[in-house]
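Chain by chain, the residues run as shown.
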Amino acid sequence: MLVSCGQQNQSSNGALSSSAAEKVYVAPGEQDEYYAFLSGGYSGNLTVYGLPSGRMFKEIPVFSQFPTSGYGYSEETKPMLNTSHGFVPWDDAHHPDISQTNGELDGRWIFINGNNTPRIARINLSTFETEEIIEVPNSAGNHSSSFITENTEYVVAGTRFSVPIPQRDMPINEYKSNFKGSLSFISVDPEHGHMDLKFQLLMPGFNYDLSHPGRGKSHGWFFFTTYNTEEAHTLQEVNASQNDKDFIAAVNWKKIEEYVNNGGGTKMPANYAHNVYDEGTHTATTTMKKEVLTVDPLKVPGAVYFLPTPKSPHGCDVDPTGQYIIGNGKLSADLTVHSFDKMIAAIEGEKFDGEAYGIPILKFEDVLAGQVKSGGLGPLHTEFDGKGNAYTTFFISSEVVKWELGTWEVIDRKPTYYSVGHLMIPGGNSRKPFGKYVVAMNKITKDRYLPTGPEMEHSAQIYDISGDKMELIYDFPTHGEPHYAAGCPAELLAPKSQKIYRLDENKHPYAVTSPTGSKVVREGNEVHVYMSTIRSHFTPDNIEGIKVGDKVYFHITNHEQDFDVPHGFAMIGQNTSELLIMPGQTKTSVWEPKQVGVWPFYCTDFCSALHQEMQGYVRVSPANSNIELSWSLGE
Amino acid sequence: MKKASILMIVGPLFLMGLYIFPLWKIMLGAPQYPDPLGLNIHISGLKGVSEFDIQNIDGLNHYIGMQTLPKVEDMWEFGTFPMIIGIMVTIGVCIGVLGYFNKVSYKWFIGWFALMSFMGILGMYDFNQWLMDYGTNLDPNAIMKLTNADGTPMTYKPPLLGHVKMLNFDVTSLPASGAWLMFVGMMLTLTAGFLGWKNAKKQKNIAL
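What counts as what
- Residues numbered from 1 in each chain as written.
- Chains lettered and ligands numbered in written order.
- Predicted model: local features only at pLDDT ≥ 70, side-chain atom pairs only at ≥ 80, totals over all residues.
- Heavy atoms only, no water.
- Helix = DSSP H or I, 4+ residues; strand = E, 2+ residues; numbered from the N terminus.
- Contact = heavy atoms within 4.5 Å.
- Pairing = 2+ DSSP bridges.
- Polar contact = N/O pair within 3.5 Å; in protein donor to acceptor, adjacent residues only side chain to side chain.
- pLDDT = per-residue confidence, 0-100.
- Core = buried A, V, L, I, M, F, W, Y, C linked by side-chain atoms within 4.5 Å.
- Buried < 20%, exposed > 50% of the residue type's maximum accessible area, 1.4 Å probe, protein only.
- Expected span 1.5 Å × (residues − 1).
- Axes fitted to C-alpha atoms, helices over the stretch in contact; angles between N-to-C directions.
- Parallel < 35°, antiparallel > 145°, perpendicular 65-115°, else oblique.
- Left-handed = near helix turned anticlockwise from the far one by under 90°.
- Nonpolar A, V, L, I, M, F, W, Y, C, P; charged D, E, K, R; others polar.
- Buried area = accessible area lost by both parts, 1.4 Å probe.
- Salt bridge = Lys/Arg side-chain N within 4 Å of Asp/Glu carboxyl O.

Undergrad: Run through the environment of Pro583(A), naming residues and quoting values.
TA: Structurally, Pro583(A) can be placed in the loop between β41 (579–581) and β42 (586–591). In this view, Pro583(A) contacts Ile500(A), Tyr501(A), Asn558(A), Glu560(A), Gln561(A), Asp562(A), Val565(A) and Pro566(A); residues no more than four positions away in its chain are not counted.

Undergrad: Any chance you could break down the pairing of strand β4 (residues 162–166) of chain B for me, citing the residues and the numbers?
TA: All names here are of chain B. Relative to strand β5 (residues 169–175), β4 is paired through 5 bridges, and the arrangement is antiparallel. Bridge pairing links Met166 to Phe169 in β5. Counted between consecutive antiparallel strands, the loop separating β4 from β5 contains 2 residues, among which Leu167 sits at a positive phi close to 50°.

Undergrad: Give me the lowdown on the side chain of Ser625(A), citing residues and values where you can.
TA: For Ser625(A), the location among the structural elements is in the loop between β44 (615–621) and β45 (630–632). Separated by 3.3 Å, the side chain of Ser625(A) and the backbone nitrogen of Ile627(A) make a polar contact.

Undergrad: Lay out the confidence of the model for chain A in plain terms, naming residues and giving numbers.
TA: Predicted coordinates in areas of low pLDDT are best not read in detail. Predicted confidence across chain A gives a mean pLDDT of 95, with 97% of residues reaching 70 or more. Contacts for the low-pLDDT stretch residues 1–15 of chain A, under 50 throughout, to residues beyond four places or in other chains number 0 contacts.

Undergrad: Kindly report on the nonpolar core, identifying the contributing residues and their values.
TA: Residues and elements named next belong to chain A. Counting 29 residues, the largest nonpolar core has Phe185, Phe199, Met203, Phe224, Ile256 and Phe306 as its most contacted members. In this structure Met203 touches Lys180, Gly181, Leu183, Tyr208, Ala249, Pro297, Val304, Phe306 and Ile359, once residues within four positions along its chain are discounted. In this structure, Phe37, Leu105, Cys488 and Leu493 belong to the second largest nonpolar core, which totals 27 residues.

Undergrad: Explain helix α5 (residues 177–207) of chain B residue by residue, including any values.
TA: Here α5(B) is 31 residues long and its end C-alpha atoms lie 44 Å apart, about the 45 Å a rise of 1.5 Å per residue gives. Along α5(B), the positions that sit buried rather than exposed are Gly178(B), Ala179(B), Met182(B), Gly185(B), Met186(B), Thr189(B), Ala192(B), Gly193(B), Gly196(B) and Asn199(B).

Undergrad: Help me get a handle on unusual backbone geometry, residues and values and all.
TA: Excluding glycine, residues mostly have negative phi values, and the peptide bonds linking residues are mostly trans. Residues and elements named next belong to chain A. With omega at -5°, the peptide bond leading from Ile165 into Pro166 counts as cis. The omega torsion of the bond from Tyr417 to Tyr418 falls at -10°, within 30 degrees of zero and hence cis. For Tyr418, the position within the fold is in the loop between β29 (410–415) and β30 (420–424). Look at Asn102: it is not a glycine, yet its phi comes out positive at around 50°.

Undergrad: Quick rundown of the pairing of β30(A)? Include the residues and the values.
TA: Residues and elements named next belong to chain A. Most of β30 is tucked away: 5 of the 5 residues are buried. As paired elements, β30 and strand β31 (residues 437–442) share 3 bridges and run antiparallel to each other. Residue pairing in the sheet places Leu423 in a bridge with Ala440 of β31.

Undergrad: Go over the packing of helix α1 (residues 2–13) of chain B against helix α3 (residues 77–100) of chain B, please, and point to the residues and values.
TA: All names here are of chain B. Interhelical geometry of α1 versus α3 gives an angle of 170° and a closest axis separation of 8 Å. The orientation of α1 with respect to α3, classified from their angle, is roughly antiparallel. For the pair α1 and α3, the crossing hand works out as left-handed. From α1, Lys2, Ser5, Ile6, Met8, Ile9, Pro12 and Leu13 reach across to α3, where they touch Val89, Gly92, Val93, Ile95, Gly96, Val97, Gly99 and Tyr100. Partitioned by chemical class, the residues of the contact of α1 with α3 number 10 nonpolar, 4 polar and 1 charged.

Undergrad: Please give an account of the interface of chain A and chain B that cites residues and values.
TA: Each side of the interface is counted separately: chain A has 12 residues, and chain B has 10 residues. A combined buried area of about 880 Å² lies between chain A and chain B, and 45% of that area is made up of carbon and sulfur atoms. On the chain A side of the contact with chain B, Arg535(A), Gln561(A) and Leu610(A) bury the most area, a combined 49% of that side's loss. Between the two partners, chain A and chain B, sit 2 salt bridges. At the boundary of chain A and chain B, one finds 7 residue pairs in polar contact (both at pLDDT 80 or more).

Right under this line is the structure:
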């Protein structure tokens, strides 16, 4: 009897507790509490998930061509992928970050870096479309990026690889003291979000790994972890891991901004692309920029300091109050936490421990706030719950460790599956984290799901962190190799999510806003088809007079004004992708017919009960034929 | 009689609401339209409840061969109804004013109410005829020709009042704010007539 009573008590603490399944279950038709934006790494894109369900809602193409929608294939979006190296239809997308006002998420845009061919993209969170991509010159491996300051004043792009600046033909073994690391500060127009490379700080030739902005009291500073302070150029696995301590570079960007605003800095020739998508014309344009303003840190005294940090630090995270700067030595077992107040005091007391290339190095003990003795291996990244706790991932020992800011005591630890990289708490890079869930993003998946050949999608884990102890409540596969993620409450974005493009605001030069405006125009061997679509036909649907060797541009305007009713367009034999055209939008696809015949086109998106009938023909005649151009519908 | 006359002046003014607010509202909901499509019927024309509802209703209806929803110039009613309402308001207010100065009896109040009711019924009849035409006068080349269980061609007349299930759509047709204002106004004139009648009876008793 006593025993059974005891058992009953155990199971009946139940009104408050619930199973993991209940915590992640979002019933059909119900919606998630948070949006999570996971970078796609080598997919070059950004994926949108719901929390806590882990359901994937969308893949937003950013740096990669995306045949699903025609992004990077359509004439309007091809310019988005222009760079100084030409058309680069792929990148390695790492760290998304949501725009902020007063240190809190404002949900206007999300930024993400292209690591390989250094670029920063801005995505509009009303349309979930990439609107702007700026290339970063003098940079290589744009890794410590794209983190933003607390009023979205700047998005940074720090270089992972130091390189000759400007680039030139020189021996690699003369790396030391000849290569430089650029830290680029890209300003963001507060109204339109348009980006402009305001200045570039030319730093010693270390590797700049990750970064985070100061906030609150440390607003105005930016912190970058470094490795390879040895400046090795070969077998870095060994040669870049010799120093017991590397640095966190603390950059007072407000000071440099002031210097620049007063005419400081040196203009240097450069060549980089700035691609902007105009929502009115539905068209992107590329501007090649020819100059960049560089700043030598030694010219701005008091702007840059080095904080010694063991041992090849990777992550660099700032807590919500802006007081603590966490540098995770990826080859260390301990976490190093620096104090912003102590740093300021040490700077004011001029307590330096030498210098590197003229930049003062502060004394480790003078800036150290504390160390978390965790016993884990390979600490990488830290996020915060806004309640005084921090959560750090340990790559080598595959775990998330919860610890307390100030006491540096470990409170809890939970395994991940497996080899965790970043983790994300919605609002994690802000003054106001929403500390209910943490998502851990892993590098290895092994036995988590049904096997699908040698390559598995990576896995992510969701932990409930609302209690004292973390609870693993769900895991789900992700697409690409998610590095970092950004998250925010659904209520911040869902109400302003755009449902259609207004046809009456369509300013595309080839748009037809009424089916009567449909036409086909020949200009030499270029043929422009002004076509409209609506459920369930194209206007026109019969076109004759096209000749082999023509370059046929299909400019298609979707006349629907109803949410989620896109139409597709695909032409047989086209050397590009189909188009997916949103209601009210115009997109252009090019086709170069090489064979005579009568060739069909059709709608690729099941749009209505008569979707299958949504089709048409183009007659292609020999190059020397004199068949008149004609087009029709319903004749 | 003064109180009655004031009501008789105020009552018809409520009809002015019809110039702003819709008389009737028809909503079409379906699983794929969680935000239902809706039609506000004003005395001067049709408006979508949301901006593009008319285009989207027409887009759906063309499958079954229904006509597109009428524009202002397509129906004489949209020109005439606002005039009739204006005339009736003017007459009603005049009767009220005349009643106030004891120039006309309460019977005029009831007369106005009866005339308005008669015209209202005619209006409803006309509206129903239009619904009938809209729902049954289908394009013979329609893409989809649906039949009822008994083999007769399916029609798509929305209900004059209430709810009906039409294919996958829930169609609800109800008076809208303009109609309720008209109803309140007409009730006021009816009350005016009643008060006038009571007053007249009292006067008669006093006279006796």
